[in-house]
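A structural walkthrough
Spelled out, the chains give:
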Amino acid sequence: MTEVEVKKTQESLQDRLAQVIELLQRQRVVEDLTHRQEGPNNDRVESLVHRQNLVELQRKLDDLHSADVAYILEALPLDDRLTLWQLVKADRDGDILLEVSDSVRETLIADMDDHELLAAAKEMDADELADLAPELPRDVVHELMEALDTQQRERVRSALSYDEDQVGALMDFEMVTIREDVSLEVVLRYLRRLKELPSHTDKLFVVDYEGILKGVLPIKRLLVNDPEKKVADLMASDTVSFHPDEDAYDAAQAFERYDLISAPVVDKNGKLIGRLTIDEIVDLIREESETEVLNMAGLREEEDIFASVWRSLRNRWAWLAINLITAFIASRVIGLFEGSIEKLVALAALMPIVAGIGGNSGNQTITMIVRAMALDQVSTANSSRLLRKELAVGLINGLVWGGVIGVVAYLLYGSWSLGVVMTAAMTLNLLLAALMGVLIPMTLSRLGRDPAMGASVMITAMTDSGGFFIFLGLATIFLL
């Protein structure tokens, strides 16, 4: 899809969202008007208008892809979201539940009864059921497992046995396997007998009679070669494969590195047990990116933007409390130099500049380090060199921009000594920002925590307190 087509699709989706919101608003206005007016036909008029709006809303939903419906549901307040959810056809419930964010899915599941949940779940594949099962009521999960056949039940249990950040939790069980001793003509006849190919099928998996993976046959080779040739002559035996207990993020990097669409998952004996597909990997990368952004801001979990006030408070106040403590520390640092500020009021005007630039520089450093760690580019061997490089960047930036603000301070207050102190303070605070920007994520990682967890909050606290102390301390020593 070209950039123009993507833009048109997005514009169309925004238009549909606006139309849905307009219909919901129109329905509320009409209901309000009919309630205010008295007359024997009010109930009939209200019922007719209500049905017309609902029919139009349902028609718009039917025209949309499940992912687009999920997008609209996420963009609506809770009452409107549940009104629209009731209009979604039952056979689409499962697809939409898998598309919405975790926080929004929770509100939708809470609005469904057990019968609706079972009907939606029965249409899902084993890997999709494993994704949804932890959020369903226990009795629904139990009844659902009892309704599955033996193979599906074992697949669901297998997927649930792995952590969410392992390959086994993401693998798909729907795949096409063939033997290496048959001809391409036999393979083509076999494929024609299938109702449809599993999604994202770019290769067929070649196994022996015990299910051991021997290689893969790309679809493009199957289509362009002589039908009389054997699979063994054309298959690729050096394919990229994964084990179910491997880290899913390592698999995601492999997908990006080798431009994979699908890849086999094998057990320790080399037996084919599933496959990874690009759609699951893209979802994983998106969720990981969102989690890192939330963690850097000090948010504990993904938040529904229309969540209740209490739930939003619980999600946000942990790091706000920490931030309050660090802000108090910064204020006490300033309090140590009250006498200096009283004697030279210019210090009060200039000290936020030192702290602010330091915080910005520290956030830049910490973002680069967290990204490098996510890509496994940081190791014990290169960490010291990386630290020296960031300190050099901080030193040069401090001298250059500290010099600029030093000149400005001289022009404003007519004091060369104040300008020199400003330059020195800026340089030292940017060095502190670079040091903390490297050490904070590395320390968090060694403690087994997410390197991005509250990183921006901590770096801001460090550069604020440090910036105030350095600037006011230098000013006190050299100016007063």
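Procedures and definitions
Residues numbered from 1 in each chain as written. Predicted model: local features only at pLDDT ≥ 70, side-chain atom pairs only at ≥ 80, totals over all residues. Heavy atoms only, no water. Helix = DSSP H or I, 4+ residues; strand = E, 2+ residues; numbered from the N terminus. Rg over C-alpha atoms; globule rule 2.2 N^0.38 Å. Contact = heavy atoms within 4.5 Å. Salt bridge = Lys/Arg side-chain N within 4 Å of Asp/Glu carboxyl O. Axes fitted to C-alpha atoms, helices over the stretch in contact; angles between N-to-C directions. Parallel < 35°, antiparallel > 145°, perpendicular 65-115°, else oblique. Left-handed = near helix turned anticlockwise from the far one by under 90°. UniProt positions renumbered as here; feature names shortened; annotations may be inferred. Buried < 20%, exposed > 50% of the residue type's maximum accessible area, 1.4 Å probe, protein only. Polar contact = N/O pair within 3.5 Å; in protein donor to acceptor, adjacent residues only side chain to side chain. Domains from an automatic or database assignment. Buried area = accessible area lost by both parts, 1.4 Å probe. Nonpolar A, V, L, I, M, F, W, Y, C, P; charged D, E, K, R; others polar.

So, the overall build of the protein chain
- Scanning the protein chain for helices and strands turns up 22 helices and five strands.
- In terms of overall dimensions, the protein chain is more spread out than a globule: its C-alpha atoms have a radius of gyration of 30 Å, far above the 23 Å expected for 480 residues.
- Projected onto its principal axes, the C-alpha coordinates of the protein chain cover approximately 90 × 80 × 45 Å.
- A separation of at least 24 residues holds for 67% of the contacts in the protein chain among residues at least 6 apart in sequence.

Some thoughts on the pattern of salt bridges
- This structure, assessed with the given rule, holds 10 salt bridges.
- A salt bridge links Arg155 to Glu174; the shortest N-O distance between them is 3.4 Å. Remark: Glu174 occurs in the loop between helix H11 (167-170) and strand S1 (177-178) and Arg155 occurs in helix H10 (residues 150-160); sequence separation between them is 19 residues.
- Members of the salt-bridge network, linked through shared partners, are Asp102, Arg105 and Glu135.

What about the packing of helix H20 (residues 380-413) against helix H21 (residues 416-446)?
- It is the contact of H20 with H21, at a shortest axis distance of 7 Å, that shows an interaxial angle of 155°. Taken together, H20 and H21 sit at an angle that is classed as roughly antiparallel. Here the hand of the crossing between H20 and H21 comes out right-handed.

A few points about the UniProt feature "domain: CBS" (unreviewed entry) in the protein chain
- Under the present numbering, the feature "domain: CBS" (unreviewed entry) in UniProt falls on residues 171-234 and 235-291.
- Helix makes up 31% of residues 171-234 and strand 20%, with an end-to-end C-alpha separation of 26 Å.

Digging into helix H15 (residues 248-258)
- Restricting attention to buried positions, one finds in H15 the residues Ala248, Ala251, Ala252, Gln253, Ala254 and Phe255.
- The N-cap residue of H15 is Asp247: its side-chain oxygen and the backbone nitrogen of Tyr249 are 2.7 Å apart.

Quick look at the UniProt feature "transmembrane region" (unreviewed entry) in the protein chain
- Per the UniProt record, the feature "transmembrane region" (unreviewed entry) sits at residues 317-337, 349-370, 391-413, 419-440 and 452-479.
- Measuring from the first to the last C-alpha atom of residues 349-370 gives 33 Å, for a span that is 100% helix and 0% strand.
- End C-alpha atoms of residues 452-479 are separated by 40 Å, and the span's content is 86% helix alongside 0% strand.

Overview of the environment of Met235
- Residue position: Met235 is located in the loop between helix H14 (231-234) and H15.
- Separated by 18 residues in sequence, Met235 and Leu217 place their C-alpha atoms 4.5 Å apart.
- Discounting residues that sit within four places of it in the chain, Met235 has contacts with Glu180, Val206, Lys214, Gly215, Val216, Leu217 and Arg221.

Observations concerning the domain arrangement of the protein chain
- In terms of domains, the protein chain is made up of domain 1 (13-166), domain 2 (177-297) and domain 3 (309-479).
- Spacing between the C-alpha centres of domain 2 and domain 3 amounts to 48 Å.
- Counting residues at the interface gives seven residues for domain 2 and 13 residues for domain 3.
- Buried area between domain 2 and domain 3, both sides added, is near 780 Å², and the carbon and sulfur share of it is 47%.
- Between the two partners, domain 2 and domain 3, sit zero salt bridges.
- The tally of links from domain 2 across to domain 3 stands at zero residue pairs in polar contact (both at pLDDT 80 or more).
- Of all the secondary-structure elements, those providing two or more residues to the side of domain 2 that touches domain 3 are H15 and helix H16 (278-296).
- In terms of residues, the side of domain 2 that touches domain 3 owes the most to one element, H16, which gives four residues.
- Taken together, the residues of the side of domain 2 that touches domain 3 sort by class into two nonpolar, three polar and two charged.

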